[in-house]
Amino acid sequence: TEKPDTDKVVSETNQEEENVKDNTNDNTEVAPGTGEGTSAPDLQDLSDSEEYVIKEVISIPSEKKKYELTIDSVSYMKDENGKDNILLVDYTYHNLSDELLMVGDVRFQLTDAAQKKVYTPYYFSKQIVAEPVEKGYNKSAQVAFEDVDENSDLYLVYTDISLENEKPILIKIDKVE
């Protein structure tokens, strides 16, 4: 078997990382209010976004790439240090394109139904992270958010940051295990 061309995935990963960095001139410093453990960026306009539910297959067709995304399950968990109120989202992506694909956690945001609050991403040591896949293959991964109120109506917002002018996708958190 041939080794996958990881340059394409590295390029996409770098683009994702660049989109979440602050715009300072010195990359060694992080501006206040950015970085791990801080608030997520504001949401885009979601008024014309398509809405899906957990376990529904979402087709992402574009001229650049085609793939499917499924939110497999959502559950509340405690991390290895006992921190609770963490919402864990398990998802799977299936590559239908000729180029490598990686759907990383930076593409996801969690908001309440009124879209007034955006929850902070949370990272833990046993989290299953995204990896590049070739055409025809699937990969399952996880994204987590901290300090989530278990009584809130929630939406997961998915944005393919590599596609220009694409509306974010809303996934209603209708079943929490």
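Values in this document were obtained by computation on a predicted structure and should not be read as measured data.

**Remarks on the pattern of salt bridges**
Under the counting rule described, the total for this entry stands at 4 salt bridges. One salt bridge in this structure joins Glu146 and Lys83, with 3.5 Å as the shortest N-O distance. Of this pair, Glu146 sits in the loop between strand S7 (138-145) and strand S8 (154-158) while Lys83 sits in the loop between strand S3 (67-77) and strand S4 (86-95); the two residues are 63 residues apart in sequence, bridging distant segments of the chain. On the accessibility criterion, Glu146 (13% relative accessible area) is buried. Put simply, Lys83 and Asp147 hold a salt bridge, and the shortest N to O gap is 3.4 Å.

**Topic: unusual backbone geometry**
Backbone geometry places Gln115, a non-glycine residue, at a positive phi of 60°. Among the structural elements, Gln115 can be located in the loop between strand S5 (108-112) and strand S6 (121-122). Given the relative accessible area of 36%, Gln115 is considered partly exposed.

**Examining the confidence of the model for the protein**
Per-residue pLDDT for the protein averages 80, and the proportion of residues at 70 or more is 76%. The lowest-confidence element of the protein is helix H1 (residues 6-20), averaging 42 in pLDDT; the highest-confidence one is S7, averaging 98. Overall, residues 1-39 carries pLDDT values under 50, and its contacts beyond four positions in sequence, including any with other chains, amount to 38 contacts.

**Re the packing of aromatic side chains**
The way to describe two aromatic rings as a pair is by their centre distance and the angle between their planes. What the rule picks out here adds up to 3 aromatic pairs. Ring geometry for Phe108 versus Tyr158: centroids 5.1 Å apart, planes at 55°, classification tilted. Here Phe108, found in strand S5, pairs with Tyr158, found in strand S8; they are 50 residues apart in sequence, far enough to count as distant. We note that Phe108, like Tyr158, is buried. Members of the aromatic cluster, each reached through a chain of ring pairs, are Tyr91, Tyr93, Phe108 and Tyr158.

**Things to note about the pairing of S5**
With 5 of its 5 residues buried, S5 lies for the most part within the structure. Neither face of S5 is exposed, since Phe108, Leu110 and Asp112 on one face and Gln109 and Thr111 on the opposite face are all buried. Where S5 lies against S8, 5 bridges are found, and the strand directions are antiparallel. Bridge pairing in S8 places Phe108 opposite Tyr158.

**A short note on the sheet that holds S4**
Taken together, 5 strands build an open sheet; the order of strands is S2-S3-S4-S7-S6 and the sheet is antiparallel. The open sheet has two edge strands, strand S2 (57-60) and S6, and neither has a second partner. Bridge count for S3 against S4 is 10 bridges, and the pairing is antiparallel. Pairing of Tyr67 across the sheet is with Asn95, part of S4.

**Details of the nonpolar core**
Counting 31 residues, the largest nonpolar core has Tyr91 and Phe108 as the members making the most contacts within it. Contributions of two or more residues to this core are made by S2, S3, S4, S5, S7, S8 and strand S9 (169-172). Core analysis: the next-biggest nonpolar cluster, separate from the first, contains 6 residues, Leu88, Tyr122, Phe124 and Ala144 among them.

Reading guide: rules and limits
Residues numbered from 1 in each chain as written. Predicted model: local features only at pLDDT ≥ 70, side-chain atom pairs only at ≥ 80, totals over all residues. Heavy atoms only, no water. Salt bridge = Lys/Arg side-chain N within 4 Å of Asp/Glu carboxyl O. Helix = DSSP H or I, 4+ residues; strand = E, 2+ residues; numbered from the N terminus. Buried < 20%, exposed > 50% of the residue type's maximum accessible area, 1.4 Å probe, protein only. pLDDT = per-residue confidence, 0-100. Contact = heavy atoms within 4.5 Å. Phe/Tyr/Trp six-rings, centres within 6.5 Å; stacked < 30°, edge-to-face > 60°. Pairing = 2+ DSSP bridges. Core = buried A, V, L, I, M, F, W, Y, C linked by side-chain atoms within 4.5 Å.

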